[in-house]
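Architecture at a glance
Next come the chains, spelled out residue by residue.
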Amino acid sequence: IIAATRDVDQPLPTYHEPLVKALADVRAPRVEALLYEDDHPFSAHRIALARKVTQWLNAALPPQ
């Protein structure tokens, strides 16, 4: 679950934090929470974001 600290469209306390807590409470597998010091469209972290999502997918999905 990836969020941006300066996201005014989806504030952390309203969206990110409750979801992370709920998933932790049920011990959901394969959950990672990551915060970027950025805005809603991840303007300064798009490449890092793409890499992180790709890494997570490669680890989560079985090889074909």
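For the structure shown, the criterion picks out one aromatic pair. An angle of 85° between the planes, with centres 6.0 Å apart, marks the rings of Tyr36 and Phe42 as edge-to-face. Both residues of the pair, Tyr36 and Phe42, belong to the buried class. When the ring centre of Trp56 is taken as origin, the NZ or CZ atom of Arg30, which lies over that ring, is 6.0 Å away.

Within the fold, Asp7 resides in the loop between β1 (2-4) and α1 (16-25). Among buried charged residues, Asp7 stands out as having no salt bridge; its nearest opposite-charge side chain is Arg6, 9.9 Å away. Looking at Asp7, its side chain comes within polar contact range of the main-chain nitrogen of Asp9, at 2.8 Å. Here Gln10 takes part through its backbone nitrogen, which lies 2.9 Å from a polar atom of the side chain of Asp7. If near-sequence neighbours (up to four positions away) are discounted, Asp7 is found in contact with Asp38 and His40.

So, on to unusual backbone geometry. A positive phi angle, near 60°, is found at Arg30, a position not held by glycine. Topologically, Arg30 is positioned in the loop between α1 and β2 (34-36). Assessed through its relative accessible area of 47%, Arg30 is described here as partly exposed.

Residues Val53, Trp56, Leu57 and Leu61 make up a contiguous nonpolar surface patch of roughly 340 Å² in combined accessible area. Position of Leu61 relative to the elements: it lies in the segment after α2 (46-60). With relative accessibility at 53%, the residue Leu61 sits in the exposed group.

Between side chains of opposite charge, a pair can form as their charged atoms come close. Under the definition given, this model contains four salt bridges. Salt-bridge contacts for Arg6 lead to Glu37; the nearest nitrogen and oxygen are separated by 3.3 Å. Linking Arg6 in the loop between β1 and α1 with Glu37 in the loop between β2 and α2, this pair joins segments that are 31 residues apart in sequence. Judged by relative accessible area, Arg6 falls into the partly exposed class, the value being 46%. Between Asp38 and Arg6 there is a salt bridge, and its shortest N-O distance comes to 3.8 Å. Highlighted residues: Asp38 in the loop between β2 and α2 and Arg6 in the loop between β1 and α1, separated in sequence by 32 residues.

Rules and cut-offs
Residues numbered from 1 in each chain as written. Predicted model: local features only at pLDDT ≥ 70, side-chain atom pairs only at ≥ 80, totals over all residues. Heavy atoms only, no water. Phe/Tyr/Trp six-rings, centres within 6.5 Å; stacked < 30°, edge-to-face > 60°. Buried < 20%, exposed > 50% of the residue type's maximum accessible area, 1.4 Å probe, protein only. Lys NZ or Arg CZ within 6 Å of the ring centre and 35° of its normal. Helix = DSSP H or I, 4+ residues; strand = E, 2+ residues; numbered from the N terminus. Lys, Arg positive; Asp, Glu negative; His and termini not counted. Salt bridge = Lys/Arg side-chain N within 4 Å of Asp/Glu carboxyl O. Polar contact = N/O pair within 3.5 Å; in protein donor to acceptor, adjacent residues only side chain to side chain. Contact = heavy atoms within 4.5 Å. Patch = residues over 30% accessible without salt bridge, like charges linked within 9 Å, V, L, I, M, F, W, Y side chains within 5 Å. Areas by Shrake-Rupley, 256 points an atom, 1.4 Å probe, with all protein chains shown as cover.

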